[in-house]
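Listed below are the residues making up each chain.
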Amino acid sequence: AANKTFTMIKPDAVAENHIGGITKMIEEGGFRVVAMKKTQLTEERAGKFYEVHKERPFYGDLVKYMSSGPIVAMILEKDNAVEDFRKLIGATNPAQAEEGTIRKVYAKSIEANAVHGSDSDENAQIEGDFFFAADERF
Ligand code: CMP
């Protein structure tokens, strides 16, 4: 399996000062930070990022939420990164997130669920390229 994934720390987790706590869980989970930046998505860019969900009922709210404040975007490296990172973050719905997962600790709702994680190697590449130029990756 490929060794990169992409994550965002979402607006509520950034607003509540959890950048450090979440990044600590990521590093202690065996991931290396290849690229990292704090930025804010416009509604247009959030809509583009989540385009695959545009027919879903939650799309409009999701786009508003994801553009409501700054996020922290990262490219992460580890063997089997996509699958292992999805295990580390836990279920999308925090009510179903397992003990010890990032969402169990930090997520507030199915929408404000603290972090995003790519769902495939292909999307990890696309999502990383959405935020980072070649000279921002180490
Ligand atoms: P994420 O992994 O970033 O991918 C899509 C996001 O949509 C998800 O996390 C949640 O923030 C949000 N979302 C809101 N409602 C739902 C839902 N019912 N099912 C899945 N995702 C949802």
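If you check an unreviewed UniProt entry, the chain appears there as Nucleoside diphosphate kinase from Pontibacter qinzhouensis. The Subunit (unreviewed entry) comment attached to the chain in UniProt states, word for word, "Homotetramer." UniProt, in its Sequence similarities (unreviewed entry) section for the chain, records the words "Belongs to the NDK family."

(A) Highlighting the environment of Phe49. Within the secondary structure, Phe49 sits in helix 3 (residues 43-49). Between the C-alpha atom of Phe49 and that of Val63, which follows or precedes it by 14 residues, the distance is 9.0 Å. Those residues in contact with Phe49, other than ones at most four positions away along the chain, are Leu41 and Phe130.

(B) Region of interest: the environment of Arg103. Mapping Arg103 onto the fold places it in helix 6 (residues 102-106). Along the primary structure Arg103 and Gly60 are separated by 43 residues, whereas in three dimensions their C-alpha atoms are 22 Å apart. If we ignore the near neighbours within four places in the chain, the residues touching Arg103 are Ile89, Gly90, Ala91, Pro94, Ala97, Asn113, Ala114 and Val115.

The rules we used
Residues numbered from 1 in each chain as written. Predicted model: local features only at pLDDT ≥ 70, side-chain atom pairs only at ≥ 80, totals over all residues. UniProt positions renumbered as here; feature names shortened; annotations may be inferred. Helix = DSSP H or I, 4+ residues; strand = E, 2+ residues; numbered from the N terminus. Contact = placed C-beta atoms within 7 Å.

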